[in-house]
Amino acid sequence: MHYSKTPKSTGKLSPESAGDTENDHAASGKERRYRGIGASKGFAIGEVYEFVKETIDHETDELCPENVEEEVERFLTALHRSEKELKKIERVTTRKIGRLYSDIFQAQILLLKDPFLIKTISRRIRTELKPAHLVIEQEFGKYLENFINSDDISFRERATDLHDIRDRIVRNLNINKLHSWVPEGKIVVSHHLSPADIILLSRSNVKGFATDTGGKTSHISLICKSLNIPMVVGLGNRSQKLLSGNHIILDGSNGLIITDPKDETVEEYQKKKESETRREADDSLHAHQLAFTRCGVRISAYSNIDFKEELDNLETTGSEGVGLFRTENLFLDDLKPPKESFQQEYYLEMAEMLHPKPLVIRLFDIGGDKLIYSPVKEPNPNLGWRGIRILIDVPEILNAQLLAIIRANVHGNIDLLMPMISSIEEIEYIKGLLEKHYKRIRGESSEPFDKPGLGAMIEIPAAVELIDEITRIVDFVSIGTNDLTQYTLAVDRNNLIVQDLFEKFHPAIIRQLHRIISTAQKNHCRVSLCGDMGSDPLAIPFLIGCGLREFSIVSSEIPALKTAVNRYSIDECEALAAECLMMHKVEAIKTRLEEFVQAH
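We now turn to the structure provided with this report. Starting afresh in each chain, residues are numbered from 1 along the sequence in its written order. With pLDDT at 70 or above as the cut-off, local features in this predicted model cover only qualifying residues; side-chain atom pairs require 80 or more to be listed or tallied, and sums for whole chains, interfaces and linings still use all residues. Side-chain numbers here rest on the full set of heavy atoms in the structure, without hydrogens or water.

**Let's talk about the overall build of the protein chain**
Okay, so step 1: The helix and strand tally for the protein chain stands at 21 helices and 17 strands.
Okay, so step 2: Partly exposed describes any residue whose relative accessible area lies between the buried limit of under 20% and the exposed limit of over 50%, with all areas from a 1.4 Å probe on protein chains only and scaled to the type maximum. The 600 residues of the protein chain split such that 56% are buried.
Okay, so step 3: A fraction of 69% describes how many contacts in the protein chain between residues 6 or more apart in sequence connect residues 24 or more apart.
Okay, so step 4: Here the protein chain has roughly 25800 Å² of accessible surface; of this, 52% comes from carbon and sulfur atoms. Each helix is a run of H or I in the DSSP string that is no shorter than four residues. Each strand is a run of E no shorter than two, and both are numbered from the N terminus. The contact definition used throughout considers only heavy atoms, calling two residues in contact when any of these lie within 4.5 Å. Method for areas: the Shrake-Rupley scheme with a 1.4 Å probe, in which residue coverage is limited to the protein chains shown.

**Section: the packing of helix α1 (residues 68-97) against helix α3 (residues 115-128)**
Okay, so step 1: At a minimum axis distance of 9 Å, the contact between α1 and α3 shows a crossing angle of 155 degrees. Taken together, the axes of α1 and α3 are roughly antiparallel relative to one another. In this structure, α1 meets α3 at a crossing whose hand is right-handed. For the pair α1 and α3, contact is made by Val68, Glu69, Glu71, Val72, Phe75, Leu76 and Leu79 and by Ile118, Ile121, Ser122, Ile125 and Arg126, respectively.
Okay, so step 2: Of the residues belonging to the contact of α1 with α3, the class tally is eight nonpolar, one polar and three charged. Angles run from 0 to 180 degrees between N-to-C directions of axes, and those axes are lines fitted to C-alpha atoms, restricted for helices to the stretch in contact. With respect to orientation, any angle under 35 degrees is reported as roughly parallel, any angle over 145 as roughly antiparallel, any angle of 65 to 115 as roughly perpendicular, and every other angle as oblique. A crossing counts as left-handed when the near helix is turned anticlockwise from the far one by less than a right angle, and as right-handed when that turn is clockwise. Gly counts as polar in this scheme, as do all residues outside two lists: the nonpolar Ala, Val, Leu, Ile, Met, Phe, Trp, Tyr, Cys and Pro, and the charged Asp, Glu, Lys and Arg.

**Here's the deal with the sheet that holds strand β2 (residues 37-40)**
Sheets are built from strands paired through backbone hydrogen bonds, the pairs being either parallel or antiparallel.
Okay, so step 1: Here, a strand pair is defined by DSSP locating no fewer than two bridges between the strands. In spatial order, the strands read β1-β8-β7-β3-β4-β5-β6-β2; together these eight strands make up an open sheet with mixed pairing. The open sheet has two edge strands with one neighbour each: β1 (32-35) and β2. Between one strand axis and the next, the sheet turns through 30 degrees on average, direction left out of account.
Okay, so step 2: Against the sheet, helix α7 (residues 219-227) makes contact with β2, β5 (208-211) and β6 (231-233), and its axis sits at roughly 55 degrees relative to β2, the strand it touches most.
Okay, so step 3: On top of the sheet, helix α8 (residues 263-286) reaches β1, β3 (43-50), β7 (247-251) and β8 (256-259); it is set at about 120 degrees to β3, its chief contact.

**Side note on helix α10 (residues 340-354)**
Okay, so step 1: When the terminal C-alpha atoms of α10 are compared, their 21 Å separation across 15 residues agrees well with the 21 Å that a helix rising 1.5 Å per residue should span.
Okay, so step 2: The complete set of buried residues in α10 reads Gln343, Tyr346, Tyr347, Met350, Ala351 and Leu354. The buried residues of α10 occupy an angular sector of 130 degrees when the element is viewed end-on, so they sit on one face. Facing away from the buried side of α10 by more than 90 degrees, the exposed set consists of Ser341 and Glu345.
Okay, so step 3: Check the buried side of α10 and you find it contacts β10 (298-305), α9 (314-317), β11 (322-326), β12 (359-362), α12 (395-408) and β13 (414-418). To estimate how far a helix should reach, multiply one less than its number of residues by 1.5 Å. By definition, the arc is the one covered by directions from the helix axis to the C-beta atoms.

**Remarks on the environment of Tyr302**
Okay, so step 1: Along the chain, Tyr302 turns up in strand β10.
Okay, so step 2: With relative accessibility at 15%, the residue Tyr302 sits in the buried group.
Okay, so step 3: The spatial distance from the C-alpha of Tyr302 to the C-alpha of Ser552 is 4.4 Å, given a sequence separation of 250 residues.

**Some remarks on the environment of Gln240**
Okay, so step 1: Within the secondary structure, Gln240 sits in the loop between β6 and β7.
Okay, so step 2: The exposure class assigned to Gln240 is buried, which follows from its relative accessible area of 19%.

**Quick notes on the pattern of salt bridges**
Pairing between side chains of opposite charge can happen when their charged atoms approach one another.
Okay, so step 1: Within this document, salt bridges are pairs made up of a side-chain nitrogen of Lys or Arg and a carboxyl oxygen of Asp or Glu, the two lying within 4 Å of each other. The full count for this structure, using the stated rule, is 36 salt bridges.
Okay, so step 2: With a shortest N-O distance of 3.0 Å, Lys87 and Glu83 are connected by a salt bridge. Within this pair, Lys87 and its partner Glu83 are both found in helix α1, separated by four residues, close to a single helical turn.
Okay, so step 3: Residue classification places Lys87 among the partly exposed residues on the basis of a relative accessible area of 35%.
Okay, so step 4: Given a relative accessible area of 14%, Glu83 falls into the buried group.
Okay, so step 5: Note that Asp415 is salt-bridged to Arg526, the shortest N-O span being 3.6 Å.

**Thoughts on the nonpolar core**
Okay, so step 1: What makes a nonpolar core is a set of buried Ala, Val, Leu, Ile, Met, Phe, Trp, Tyr and Cys residues whose side-chain atoms join them at distances within 4.5 Å. Tyr347, Met418 and Ile470 are the most contacted members of the largest nonpolar core, which totals 94 residues.
Okay, so step 2: At eight residues, α12 tops the list of elements feeding residues into this core.
Okay, so step 3: In contact with Ile470, not counting residues within four places along its chain, are Ile421, Ile424, Ile427, Ala456, Ile458, Ala463 and Val477.
Okay, so step 4: Counting 50 residues, the second largest nonpolar core, distinct from the first, contains Ile104, Leu144, Leu162 and Val233.

**A few points about the packing of aromatic side chains**
Okay, so step 1: A pair of Phe, Tyr and Trp rings is counted when the ring centres sit within 6.5 Å of each other, with Trp represented by its six-membered ring. The angle between the planes then sorts it: under 30 degrees is stacked, over 60 is edge-to-face, the rest tilted. One pass over the full model with this rule turns up six aromatic pairs.
Okay, so step 2: The interplanar angle of 80 degrees and the centroid separation of 6.5 Å between the aromatic rings of Phe325 and Tyr347 together place this pair among those described as edge-to-face. On the criterion of sequence distance, the pair formed by Phe325 in strand β11 and Tyr347 in helix α10 is long-range, its members being 22 residues apart.
Okay, so step 3: Classification of Phe325 by relative accessible area gives buried; the value is 0%.
Okay, so step 4: On the basis of relative accessible area, Tyr347 is assigned to the buried category, the value being 0%.
Okay, so step 5: Aromatic pair Phe342 and Tyr346: ring centres 5.7 Å apart, planes at 45 degrees, arrangement tilted.

**A closer look at the side chain of Ser122**
Okay, so step 1: On the secondary structure map, Ser122 appears in helix α3.
Okay, so step 2: Since its relative accessible area comes to 8%, Ser122 is described here as buried.
Okay, so step 3: For this analysis, a polar contact is any N or O atom pair within 3.5 Å, provided that within protein one partner can donate a hydrogen and the other can accept it, and provided that sequence-adjacent residues contribute only side-chain to side-chain pairs. At 2.8 Å, the side chain of Ser122 forms a polar contact with the backbone oxygen of Ile118.
Okay, so step 4: Apart from residues no more than four positions distant in its own chain, Ser122 is found in contact with Val72 and Phe75.

Take a look at the structure:
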């Protein structure tokens, strides 16, 4: 990639920097704090290295007929060069963090070889006399529009991968050299970084990354977590204030950038780093032990995963199985639903790898303009045709997935989870289909096998209101705290303008959690929690106090969860929960939780 200084986009001032103007820079000498989104935990203290991508200027937007074949050949050469680069990056990725994320680049290579894409671009160059760069940008623009306009943040963030492929091909049209080096030990700051950038730059022992764009579930964030490199994303326009050579602190745990830190701030963060190192060493001692409270009550810790390749890491983190497998990623190779046979093979392989540990498979949680294209442009897709509504309306997708899950359950360790449930009718419909398919398949089989257990995601306020009825007709419920908080507070957690209003310790949220957990227990229904809240140190004793005994979180967070659980007794946690449930202000709740955790 080729880089130079270029203007960057502007954005909203964060609350931490409300006194700044666009002409203020971090070099002013005054300590300033900029709020972003913590994408990969940890702290970094050091110098900034600005990583700014150059905009390539093309000489012409039209071709002479005699230059057409030369332009097509230039396009094909660019594809070849791009493939060689991606294979190099794929090898580096496999060596550093395994095959899980190297598959990102394998998917990009497959797109480069897509005969339809190659044929379309070559044909348009010949028939429209347009230069390759223009046709490439237009064709990739069609794909990008579908991803960027998605109502699902994870798919908006996947647009980064398409940007990377497009920009790579266009750069190679001009045979610009791939730049993949920065000085050792810097904190890299950029408006935008691709997965390839992260992999290649990490070879320079980068201390941390900060970007204006991106989100918690973007590939760059997930890769940084695997590399154990702290990262802050979603800074808006803040990268333009972080100049090469500036001394900063990057706090990936809290989504914070501190420029020109005072000596006492540096000392504070150095102590935090030392404490974090000690904590990780302590956590590793508990990773392979079962988790019990101080008074001997068993707490189970499961993993949230997106790909079967993540199963290899479960044993090292002490995970007791998969509490949430997000199946939407099976759509990523193309935008068509995966075939039943492919799904069955995929789920069966996972179940066999895990057996006898459990595997909870969530039905496709897809949205209207995300993977299934509605004939009507929805004004607010978040409140539109998505999740269970699509599955019910498009039975061929639902039936194929149900059949694949049933047939894959030969070891009896698979349960299925329904997303975005808001009514009893939805549950009864899925339950009836599951029973019908199970009876037919069991009748065709000579070997007996179990029907998958049926669970419901509780992530919409309507489901909380119906929690008594729901927990009487399903085998288990799983609380999705991210969406439940978002829908209850009417706050998009990925919207930088209102992100400070996204508060998981809001009194309304903690009261909902208590109601869900206590009602499920009363009705002898299993209950787990699979949102980010499950790995928050402040939330853990409160949730245990509410009666939660099953957590499903990111695998890497499980050792810390087990360590925390060992410190608390049930009586103490129940008293803490009762105290917090009486409070009506966020800060009072958080202060009490902080005091409790600090005391232990």
